[in-house]
Every structure is written in structure tokens, then in C-alpha cells.
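# Descriptive analysis of the structure
Here is what each chain is made of, one letter per residue.
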Amino acid sequence: MEDIIQEKISADHLLYVSLKYTKTCDVIINLLLRWKEMIEVSIDRILKESKKKKKISSIPTNPVGRLETIKKLFKKDKNFLEVLEMYEMFKKIRELRTERIGEFRKNVTLKVFYRGKEININLDQLKVYAEKVEKFISAIKQFLL
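What counts and how
Residues numbered from 1 in each chain as written. Predicted model: local features only at pLDDT ≥ 70, side-chain atom pairs only at ≥ 80, totals over all residues. Heavy atoms only, no water. Core = buried A, V, L, I, M, F, W, Y, C linked by side-chain atoms within 4.5 Å. Buried < 20%, exposed > 50% of the residue type's maximum accessible area, 1.4 Å probe, protein only. Helix = DSSP H or I, 4+ residues; strand = E, 2+ residues; numbered from the N terminus. Contact = heavy atoms within 4.5 Å. Phe/Tyr/Trp six-rings, centres within 6.5 Å; stacked < 30°, edge-to-face > 60°. Salt bridge = Lys/Arg side-chain N within 4 Å of Asp/Glu carboxyl O. Axes fitted to C-alpha atoms, helices over the stretch in contact; angles between N-to-C directions. Parallel < 35°, antiparallel > 145°, perpendicular 65-115°, else oblique. Left-handed = near helix turned anticlockwise from the far one by under 90°. Nonpolar A, V, L, I, M, F, W, Y, C, P; charged D, E, K, R; others polar. Pairing = 2+ DSSP bridges.

## Some remarks on the nonpolar core
- With 46 residues, the main nonpolar core has Leu32, Trp35, Ile39, Phe80, Ile121, Leu126 and Tyr129 as its most contacted residues.
- When contributions to this core are tallied by element, the ones reaching two or more residues are α1 (2–22), α2 (25–52), α3 (63–73), α4 (78–91), β2 (109–114) and α5 (123–144).
- If one sorts the elements of this core by residue count, α2 sits on top with 13 residues.
- Apart from the residues within four sequence positions on either side, tyrosine 129 is in contact with Leu32, Trp35, Met86, Met89, Phe90, Ile119 and Ile121.

Dropping the structure here:
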């Protein structure tokens, strides 16, 4: 759990300090990648704990199988499933087509084209993501304790 908290602290610093002063899309991308790392660590911990509690028989080795297993374990937690969908986008953020809008300005926006949709990731959207990630971490704490 400690490594998850450390990743979250780093992500919070990017969101509330680095982005405030630099206002670049690179900071937004780094923040999304930091959240991706945190979610991956969380998935690993949940799968290990689920195996220990005998909720699953084995831990899948491929990423898709791991994600599907987690989705089955938390199928009733809507926020958890939303975070896993965000995670899927975060995983692909480097390969996705993006546009940088208003860099070095108050309304810096990273426009991402994902699954045929245009997603504007700006400070407001990042705060929505941060709130969902916060709830995600609370759910993980409850699960692991």
C-alpha cells in the first residue's frame, strides 16, 4: 500500500505544483503516466491479495486477462470500473494522436483522440480524474485491509 501512496504523492505534486507553474502538455502527459503506474501497482496488489483470500484461482499473466479479472472482482463498484477505463486510455497516451492547445497559458489543454472520440484534458478534467483516483485508492485500502 505504501508504494501506491508514494505514486499518488508524486502525481499530486505534478497536478498541484508542476502544472500550476509550467502549464505544459508534457506535465499533463507525465501526470497521466504517473496515474497509470499507480493503477498498475494497485492491480498487482489486488490480484495478489485476491489469490491469497482465494477469490481467484490464479493470477493471469497477460495484461488483458489481469484487467478482466479485476473488472469481475469489482463489477459492482462503478467508480472502480471508470478508473480502469481511464487506465486503458492512460496506457496508450503516448501512441494516441494528440494536440496541444494553449501551452504556457491558464487554459492549457491536451486534446486526445481516443476510440473515435475527442477528449479535452485540461485542468478541470484532471481534477475530475484526480477525484476518481482518490475514490479508487479508498476502495483499494478497504479491499486490502
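After that view of the structure, there is still more to cover.
## A look at the packing of aromatic side chains
- This structure, assessed with the given rule, holds six aromatic pairs.
- For the pair phenylalanine 80 and phenylalanine 136, a centre-to-centre distance of 4.7 Å together with 40° between the ring planes defines the contact as tilted. Of this pair, phenylalanine 80 sits in helix α4 while phenylalanine 136 sits in helix α5, and the two are 56 residues apart along the sequence. The pair phenylalanine 80 / phenylalanine 136 is uniform in exposure class, with both members buried.
- Through successive ring pairs, a cluster of aromatic residues spans Phe74, Phe80, Phe136 and Phe143.

## Quick word on the pattern of salt bridges
- Using the criterion set out here, one finds 15 salt bridges in the structure.
- For the salt bridge of glutamate 82 with lysine 78, the shortest nitrogen-to-oxygen distance reads 3.5 Å. One end of the pair is glutamate 82 and the other is lysine 78, both in helix α4 and four residues apart, which spans about a single turn.
- Among the salt bridges present, the one from glutamate 118 reaches lysine 111, with a minimum N-O distance of 3.5 Å.
- Residue class for lysine 111 comes out buried when judged on its relative accessible area of 16%.
- Taken together, the shared-partner salt bridges in this structure form one network comprising Lys8, Asp12 and Glu134.

## Points about the packing of α1 against α5
- Packing of α1 against α5 leaves a shortest axis separation of 12 Å and a crossing angle of 165°. Relative to α5, the element α1 is oriented roughly antiparallel. When you trace α1 past α5, the crossing you get is left-handed. In contact with Ile4, Ile5, Lys8, Leu15, Tyr16 and Leu19 of α1, α5 contributes Leu123, Leu126, Ala130, Glu134, Ile137, Ile140 and Lys141.
- The residue inventory of the contact of α1 with α5, partitioned by class, reads 10 nonpolar, no polar and three charged.

## Topic: unusual backbone geometry
- Here lysine 23, not a glycine, exhibits a phi torsion of approximately 55°, which is positive.
- One can find lysine 23 in the loop between α1 and α2.
- The backbone phi angle of lysine 54 is positive, close to 60°, even though this residue is not glycine.
- Relative to the helices and strands, lysine 54 is located in the loop between α2 and α3.

## A few points about the sheet that holds strand β1 (residues 97–101)
- Taken in spatial order, the three strands make up an open sheet running β1-β2-β3, and their pairing is antiparallel. The sheet is open, and its two borders are formed by β1 and β3 (117–121), each paired with just one other strand. For this sheet, the mean angle separating the axes of adjacent strands, direction not counted, is 20°.
- Across five bridges, the pairing between β1 and β2 is antiparallel. Paired with arginine 97 across the two strands is phenylalanine 113, which belongs to β2.

Limitation: the analysis is restricted to geometry and does not speak to function.
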